[in-house]
Amino acid sequence: MSIQKGIAELDPVARESALDSGVVPKRQVQIVRGEASTVWDADGNAYLDAGATFGTNHVGHRHPRVVQAVKDQLDRLMHVTLTWPNDTRLGLLERLVAAAPDGLERAFLCATGTEANECALKFARQATGRKEVLYLSRSFHGRTMGALSATAKRAYQEPFEPLVPGFRMVRANDPEALKEALSAETAALILEPVQGEGGVLPLDREYLKTARDLTADAGALLIADEVQTGMGRTGRFFAFDDAGILPDLVSVGKGLGGGLPVAATLMTQDVAAKQATLSHGSTFSGNPVQAAAAAAVLDVLKDERLVERSATLGERMLDDLRVLEEVPGVRGVRGRGLMIGVELKAKPQPVLESLRLRGILALSAGATVVRLLPPFVLSDAEADHIVGETKAAVLEQTTGADAA
Ligand SMILES: *Cc1c(COP(=O)(O)O)cnc(C)c1O
């Protein structure tokens with residue numbers, strides 16, 4: 001079929017909007033290039049990336065070591081399935097397990113965070129022989145039917161009901177509610193140690209510890225969804241490290257691929273031992289090009305000490321942004337590492353548009369939060385620039401004043 005009449009004459013942004021399914025509203029800028037912390041639009045305007053990639057930019061855009069690893073792999077082998085062992089895939093598994101805390105000794109590789117959660121949910125049911133899954137209020141775990149069934153957002157769930165049976169929501173940060181909900185039927189509790197999409201909401205340290213103890217007592221598994229928080233985003237390799245706990249299953253994604261779609265479900269030996277042969281799988285699981293990228297990302301995080309960088313830079317940005325708490329239109333400023341939220345008393349879109357005009361691409365979270373997820377390779381000057389412009393944009397939009 002030829003493209004509908006009239007579309008060919010539109011500008012590229014409108015053309016993409018006309019051909020895309022349309023479910024994701026588009027900003028009015030075509031991004032065509034990226035390097036380190038910066039992306040450029042088709043007119044050559046530069047933007048600092050504090051959310052243009054949903055927080056997949058831990059090592060920045062096109063990190064030279066990631067690009068080189070991918071190019072080398074492209075010249076050798078682009079795909080072979082899990083049935084056939086592969087040197088590059090082995091390199092990723094070794095690095096991933098070495099980076100994880102003791103006890104998480106095996107991994108299933110896949111492409112997206114949602115898939116990593118689907119794997120965790122299936123493995124939890126199979127390992128326990130139980131059906132019920134508990135998830136928390138304000139959670140986000142993905143949009144396929146299983147992960148969506150654990151996502152506490154009515155607008156995302158409702159059009160697609162009936163969802164997967166056996167999923168039940170419990171109130172976040174409420175140990176009593178959790179105690180009441182857990183039973184001999186519970187296969188797992190799935191949680192994000194810092195809820196991202198829900199509004200940059202860190203779960204209490206004590207709650208995480210209690211959740212670990214209570215699930216273990218009930219014979220249920222604990223799944224940590226570290227898709228957004230993992231690989232150092234919160235200033236620690238995993239956000240659950242902060243509570244000193246060890247989940248049974250951990251899903252990672254987003255930053256793992258350095259810009260390519262790579263995700264994984266880490267698990268204990270015990271969980272892996274209880275999976276039946278061929279009860280899970282995927283055509284592109286462990287794809288060597290993805291694996292080359294992810295292995296390089298893990299090397300870069302380590303060699304450039306980027307997790308530490310996320311911690312120190314995040315603290316500095318957060319400290320600086322805290323003055324916004326004095327502003328009447330601001331409810332609060334919070335975050336961990338380079339996962340930062342400024343909660344307003346109104347919708348964040350006008351602030352996001354003001355930031356774009358100031359050359360910074362940020363994200364929303366929840367109904368009222370401006371979310372910053374910048375790369376860990378951000379320079380001090382770039383970090384200060386993002387903070388300064390965020391303050392100015394929030395002031396401008398909440399008080400009408402120009403704070404520049
Ligand atoms: C982004 C995200 C997902 C979904 O990952 P996709 O790669 O979009 O499938 C799941 N859980 C959390 C916490 C996320 O932030």
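Basis of the calculations
- Residues numbered from 1 in each chain as written.
- Predicted model: local features only at pLDDT ≥ 70, side-chain atom pairs only at ≥ 80, totals over all residues.
- Heavy atoms only, no water.
- Helix = DSSP H or I, 4+ residues; strand = E, 2+ residues; numbered from the N terminus.
- Rg over C-alpha atoms; globule rule 2.2 N^0.38 Å.
- Buried < 20%, exposed > 50% of the residue type's maximum accessible area, 1.4 Å probe, protein only.
- Contact = heavy atoms within 4.5 Å.
- Areas by Shrake-Rupley, 256 points an atom, 1.4 Å probe, with all protein chains shown as cover.
- Lys, Arg positive; Asp, Glu negative; His and termini not counted.
- Charge placed at Lys NZ, Arg CZ, Asp CG, Glu CD.
- Near = heavy atom within 4 Å.
- Polar contact = N/O pair within 3.5 Å; in protein donor to acceptor, adjacent residues only side chain to side chain.
- Pairing = 2+ DSSP bridges.
- Phe/Tyr/Trp six-rings, centres within 6.5 Å; stacked < 30°, edge-to-face > 60°.
- Lys NZ or Arg CZ within 6 Å of the ring centre and 35° of its normal.
- Domains from an automatic or database assignment.
- Buried area = accessible area lost by both parts, 1.4 Å probe.
- Salt bridge = Lys/Arg side-chain N within 4 Å of Asp/Glu carboxyl O.
- Axes fitted to C-alpha atoms, helices over the stretch in contact; angles between N-to-C directions.
- Parallel < 35°, antiparallel > 145°, perpendicular 65-115°, else oblique.
- Left-handed = near helix turned anticlockwise from the far one by under 90°.
- Nonpolar A, V, L, I, M, F, W, Y, C, P; charged D, E, K, R; others polar.
- Core = buried A, V, L, I, M, F, W, Y, C linked by side-chain atoms within 4.5 Å.

On to the overall build of the protein chain. Per the secondary structure count, the protein chain includes 13 helices and 17 strands. Taken over the C-alpha trace, the protein chain has a radius of gyration of 21 Å; the compact-globule value for 404 residues is 22 Å, and the two agree within 12%. Taken over the C-alpha atoms alone, the protein chain extends approximately 60 × 55 × 50 Å along its principal axes. Burial analysis of the protein chain (404 residues in total) assigns 53% to the buried set. Across the protein chain, contacts joining residues at least 24 apart in sequence account for 70% of those joining residues at least 6 apart. Roughly 18200 Å² of accessible area belongs to the protein chain as shown, and the carbon and sulfur atoms make up 53% of that amount. Counting 44 positive and 52 negative side-chain charges, the protein chain places the averaged centre of each group 2 Å from the other.

What follows deals with the site of the ligand. Taken together, the residues surrounding the ligand are Thr112, Gly113, Thr114, Asn117, Phe140, His141, Glu192, Asp225, Val227, Gln228 and Lys254. Within the backbone of Gly113, an N or O atom sits 2.9 Å from an oxygen atom of the ligand. In the environment of the ligand, a nitrogen atom lies 3.5 Å from a nitrogen or oxygen atom belonging to the backbone of Phe140. Out of a free accessible area of 380 Å², the ligand has 80% covered by protein chains.

Before going further, it helps to spend a moment on the sheet that holds strand β1 (residues 31-35). The mixed open sheet is built from four strands, whose spatial order is β1-β2-β3-β15. The two strands at the open ends of the sheet, each matched to only one other strand, are β1 and β15 (360-361). When strand β3 (residues 46-49) meets β15, the two strands line up parallel, connected through two bridges. Note that in β15 the partner of Asp49 across the bridge is Leu361.

Let's shift gears to the packing of aromatic side chains. The tally for this structure, following the rule as stated, stands at three aromatic pairs. Ring geometry for Phe140 against Tyr156: centres 6.1 Å apart, planes inclined by 80°, an arrangement best described as edge-to-face. One end of the pair, Phe140, is in the loop between β5 (132-136) and α5 (145-149); the other, Tyr156, is in helix α6 (residues 154-157), with 16 residues separating them in the sequence. Like Phe140, the residue Tyr156 is buried in the burial classification. Across the ring face of Trp40, the terminal group of Arg33 is positioned such that the distance to the ring centre comes to 4.0 Å.

Domain annotation for the protein chain reports domain 1 (64-303) and domain 2 (305-346 + 360-366 + 373-390). Distance between the C-alpha centres of domain 1 and domain 2: 25 Å. Of the residues lining the interface, 25 residues belong to domain 1; the matching set on domain 2 comes to 18 residues. Counting the surface lost from both domain 1 and domain 2, the interface buries some 1700 Å², and carbon and sulfur atoms represent 60% of this. Asp242 is the partner of Arg336 in a salt bridge, and the nearest nitrogen-oxygen pair spans 3.6 Å. Connecting domain 1 to domain 2 are 12 residue pairs in polar contact (both at pLDDT 80 or more).

A few words now on the packing of helix α11 (residues 306-321) against helix α13 (residues 380-399). At a closest axis distance of 10 Å, the pairing of α11 and α13 adopts a crossing angle of 30°. By the angle between their axes, α11 is roughly parallel relative to α13. The hand of the α11/α13 crossing is right-handed. Of the residues in α13, those touching α11 at Arg309, Leu313, Arg316, Met317, Asp320 and Leu321 are Asp380, Ala383, Asp384, Ile386, Val387, Thr390 and Lys391. Each residue belonging to the contact of α11 with α13 can be placed in one class, and the counts come to six nonpolar, one polar and six charged.

The next point concerns the environment of Gly258. Topologically, Gly258 is positioned in the loop between β11 (249-252) and β12 (263-267). For Gly258 and Leu10, which are 248 residues apart along the polypeptide, the C-alpha to C-alpha distance reads 33 Å. Apart from residues no more than four positions distant in its own chain, Gly258 is found in contact with Thr56, Val59, Gly60 and Val297.

Next up on the list: the nonpolar core. Leu178, Leu256 and Leu301 are the most contacted members of the largest nonpolar core, which has 78 residues in total. Residue assignment places this core across two domains, with domain 1 (64-303) and domain 2 (305-346 + 360-366 + 373-390) each supplying three or more. If sequence neighbours within four positions are ignored, Leu256 has contacts with Leu96, Met231, Val262, Ala263, Ala264, Ala293, Ala294, Val297 and Leu298. The next biggest cluster of nonpolar side chains, apart from the first, holds 22 residues, and it includes Ala116, Val133, Tyr135 and Ala263.

Okay, the pattern of salt bridges next. One pass over the full model with this rule turns up 30 salt bridges. A salt bridge links Arg316 to Asp380; the nearest nitrogen and oxygen atoms lie 3.7 Å apart. Here Arg316 is found in helix α11, whereas its partner Asp380 is found in helix α13, with 64 residues between them in sequence. For Asp380, a relative accessible area of 34% corresponds to the partly exposed category.

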